[in-house]
Amino acid sequence: MPEPNLKHFSEEERKLVVQQVMALIDEGKDDEADALHRTLPLPAEYLQTLKEHMGLEALIEKGVNLSTAVEKYGENWLAS
């Protein structure tokens, strides 16, 4: 299984990624836009819900950024 995505983004980095996502959408590259968008952190509560419904392995395999959940719930969140 790949390593979980726990990358932290500055506000400037976040804005750059959003601009890249919008450019990909404009070019009709929706799959690439989705994949890039998943690299941005989501709210911890939302990630908890996704984990309950999809499973942690699926989130990791899709490259979903889990940093906010680990910050809020601790490293054990990745093991439970």
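Quick look at the structure, then. (Residues numbered from 1 in each chain as written. Predicted model: local features only at pLDDT ≥ 70, side-chain atom pairs only at ≥ 80, totals over all residues. Heavy atoms only, no water.)

Once that is clear, we can look at the overall build of the chain. Scanning the chain from terminus to terminus reveals five helices and zero strands. Principal-axis analysis of the C-alpha atoms gives the chain an extent of 40 × 25 × 20 Å. In the chain, which comprises 80 residues, the share counted as buried stands at 28%. The long-range share in the chain, meaning contacts at least 24 apart out of those at least 6 apart in sequence, stands at 60%. When the accessible surface of the chain is totalled, it reaches about 5,300 Å², and 52% of it is carbon and sulfur. Once the 8 positive and 16 negative side-chain charges of the chain are each reduced to a mean point, those two points are 3 Å apart. (Helix = DSSP H or I, 4+ residues; strand = E, 2+ residues; numbered from the N terminus. Buried < 20%, exposed > 50% of the residue type's maximum accessible area, 1.4 Å probe, protein only. Contact = heavy atoms within 4.5 Å. Areas by Shrake-Rupley, 256 points an atom, 1.4 Å probe, with all protein chains shown as cover. Lys, Arg positive; Asp, Glu negative; His and termini not counted. Charge placed at Lys NZ, Arg CZ, Asp CG, Glu CD.)

On to helix H3 (residues 44-54), then. Looking at H3, one finds that the buried residues are Ala44, Leu47, Leu50 and Lys51. Buried residues along H3 cover an arc of 115° about the axis, so they all sit on one side. Of the exposed residues in H3, those oriented more than 90 degrees away from the buried face are Glu52 and His53. Of the surrounding elements, those touching the buried residues of H3 are helix H4 (56-61) and helix H5 (67-73). (Arc of directions from axis to C-beta.)

Applying the stated criterion across every chain yields a total of one aromatic pair. Pairing Tyr73 with Trp77 gives two aromatic rings, centres 6.4 Å apart and planes at 20°, and the pair type is stacked. Classification of Tyr73 as partly exposed rests on a relative accessible area of 34%. When the ring centre of Phe9 is taken as origin, the NZ or CZ atom of Lys7, which lies over that ring, is 4.5 Å away. (Phe/Tyr/Trp six-rings, centres within 6.5 Å; stacked < 30°, edge-to-face > 60°. Lys NZ or Arg CZ within 6 Å of the ring centre and 35° of its normal.)

A separate point is a negative patch on the surface. A contiguous patch of negative charge on the surface is contributed by Asp30, Asp31, Glu32 and Asp34. Mapped onto the fold, Asp34 is located in helix H2 (residues 30-37). (Patch = residues over 30% accessible without salt bridge, like charges linked within 9 Å, V, L, I, M, F, W, Y side chains within 5 Å. Salt bridge = Lys/Arg side-chain N within 4 Å of Asp/Glu carboxyl O.)

Here we come to the packing of helix H1 (residues 11-26) against H2. When two helices pack together, their arrangement is captured by the angle between the axes and the distance separating the axes. Axis separation between H1 and H2 bottoms out at 8 Å; the angle between their running directions is 165°. Between H1 and H2, the crossing angle belongs to the class labelled roughly antiparallel. For the crossing formed where H1 meets H2, the hand is left-handed. Contacts from Val17, Gln20, Val21, Leu24 and Ile25 of H1 reach H2 at Asp30, Glu32, Ala33, Leu36 and His37. (Axes fitted to C-alpha atoms, helices over the stretch in contact; angles between N-to-C directions. Parallel < 35°, antiparallel > 145°, perpendicular 65-115°, else oblique. Left-handed = near helix turned anticlockwise from the far one by under 90°.)

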